[in-house]
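Structural description and commentary
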Amino acid sequence: MLAQYFDTLAAQHIPYKGGAWCYEDGLIYFGLEALHRASGDPRWLAHIERLIAPQVGTGVGLAGYHMSDYNIDNIFSGRALLYLHEVSGDEKWLERAGLLAKQLQTQPRTKSGVYWHKLRYPWQIWLDGLYMGLPFQIAYAQRVGAPGLIDDALQQLRTALEITYIPETRLYAHAFDEARVQQWASPKTGVNSAHWARAVGWLAMALVDIAELVGHQKFNPFRQDTSRLLNQIAELRQPSGLWLQVIDQPRLAGNWEETSASAMFAYALLKGQLLGLWDGPGAEIREKVIKRSVASDEGNTLRMVDICHVAGLGTFEGRYRDGTAEYYISEDIITDDPKGVGPLMRLYALAPSIV
């Protein structure tokens, strides 16, 4: 039943930003890749090829992509280009991935050496960006034989973990402002004040995906940090089997159980278990998250429910996002958003066998 939901959703998917290259579409591609790897069913690959075709066109660029934006989010969908190169051997896919790698060559960095999240977010490190940029850089480097890029990505990850870790909560801050000029940033620490679940989810997925990419020995310096984070995530799971929008504040009025982060956490826990980074009941958590995240609407159509539409920091569409718990719980709740469905696809694909 869930496979049919994913199949129908992919068939009906409308490009998230009018067809411009973006990470939201990439999350669907990445989920479909996981389904294809797990099952070998050609329909999942066909969906990727059909959906990505208008974004790559016949030239050498990517639709609506401007390298000069230095938007780290735009890097993520390059994982689909690498996969298409892997399965087809067609060099055009690797060439287009090279455009994104070229962006990273000149991406602005903090003084500590970590990529800025975007050009319009100067001196800022966001957990979202660690997921968007670093696994692609590692996977691309492995494809083209550039070990220095792998070392650089791991060093950036190490620095970001040290900067954003909050010992009191055993979690990581959504973002850090090295310049300490943003209103949302603590003048003392540079980080925002609350733990948005999906931000922690991006990091958790980045860690287990990087662990899988680089292997046990190279990931060993991150093993303790990863296991500690996975343990803390597991402890914060609610009795329902899901996690809260503000993950560590169950007494916060208006806080609610959010499914995109829950899918991310369940994926990271189960993948972490498979990689020997966590020893909890990953399969049980997976089943509960899937069961609680997808429901039938009045027309008996399956929907992934209770997804936070978007959350961030700073001014956006005339509104200031201050990174507080009260801000995060004020964001819109929607259904079937790629930021939830993509991770749910990847979670589903971790089953021993899928249809």
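1. Here's the deal with helix H8 (residues 197-214)
- Over its 18 residues, H8 runs 26 Å from end to end, which matches the ideal 26 Å to within 8%, given 1.5 Å per residue.
- With 16 of its 18 residues buried, H8 lies for the most part within the structure.
- Positive phi shows up at glycine 215, right after H8, with a value of about 90°.

2. Observations concerning the packing of aromatic side chains
- The tally for this structure, following the rule as stated, stands at 14 aromatic pairs.
- Aromatic side chains tyrosine 5 and phenylalanine 6 sit 5.4 Å apart centroid to centroid with 45° between the ring planes, which places their arrangement in the tilted category. By the burial criterion, tyrosine 5 is buried, and phenylalanine 6 matches it.
- Connected via pairs of aromatic rings, a cluster forms that spans Tyr23, Phe30, Phe76, Tyr131 and Trp202.
- Lying over the aromatic face of tyrosine 165, arginine 228 brings its terminal NZ or CZ to 4.0 Å of the ring centre.
- The ring of phenylalanine 30 carries the charged tip of arginine 346 above its face, separated from the ring centre by 3.7 Å.

3. Things to note about unusual backbone geometry
- One non-glycine residue, aspartate 306, lies in the positive phi region at around 60°.
- Mapped onto the elements, aspartate 306 comes out in the loop between strand E8 (302-304) and strand E9 (307-308).
- In this structure aspartate 306 comes out as partly exposed when scored by relative accessible area, which is 36%.
- The backbone phi angle of aspartate 336 is positive, close to 55°, even though this residue is not glycine.
- If you trace the backbone, aspartate 336 turns up in the loop between strand E12 (333-334) and helix H14 (338-348).
- Of the residues examined, aspartate 336 reaches a relative accessible area of 17% and is grouped as buried.

4. Comments concerning the pattern of salt bridges
- Counted by the stated rule, this structure contains 21 salt bridges.
- A salt bridge links glutamate 24 to lysine 17; its shortest N-O distance comes to 3.7 Å.
- Exposure remark for glutamate 24: the relative accessible area of 5% places this residue in the buried category.
- Between aspartate 41 and arginine 43 there is a salt bridge, with its nearest N and O atoms 2.9 Å apart.
- Overlapping salt bridges bring together Glu33, Arg37, Glu86 and Arg143 as one network.

What counts, and where the lines are drawn
- All residue numbers here refer to positions counted from 1 along the written sequence of the relevant chain.
- In view of the model being predicted, local features appear only for residues whose pLDDT reaches at least 70, and side-chain atom pairs are presented and counted only at 80 or more, with totals across whole chains, interfaces and linings using the full set of residues.
- Water and hydrogen atoms were dropped before computing side-chain values, which therefore reflect all heavy atoms in the structure.
- Secondary structure elements are taken from DSSP: a helix is a run of H or I of four residues or more, a strand is a run of E of two residues or more, and numbering for both begins at the N terminus.
- By this rule the span expected of a helix is its residue count minus one, scaled by 1.5 Å.
- Each residue is placed in one exposure class: buried if its accessible area under a 1.4 Å probe, protein chains only, is under 20% of its type's maximum, exposed if it is over 50%, and partly exposed if it falls in between.
- Planes of paired rings set the category: under 30 degrees apart is stacked, over 60 is edge-to-face and the rest tilted, where pairs are Phe, Tyr or Trp rings (Trp by its six-membered ring) whose centres lie within 6.5 Å.
- Here, over-ring charges are defined by two tests on the NZ atom of lysine or the CZ atom of arginine: distance to the ring centre within 6 Å, and angle to the ring normal within 35 degrees.
- We define a salt bridge as a side-chain nitrogen of Lys or Arg found within 4 Å of a carboxyl oxygen belonging to Asp or Glu.

Geometric descriptors of this kind do not, in isolation, establish any biological role.
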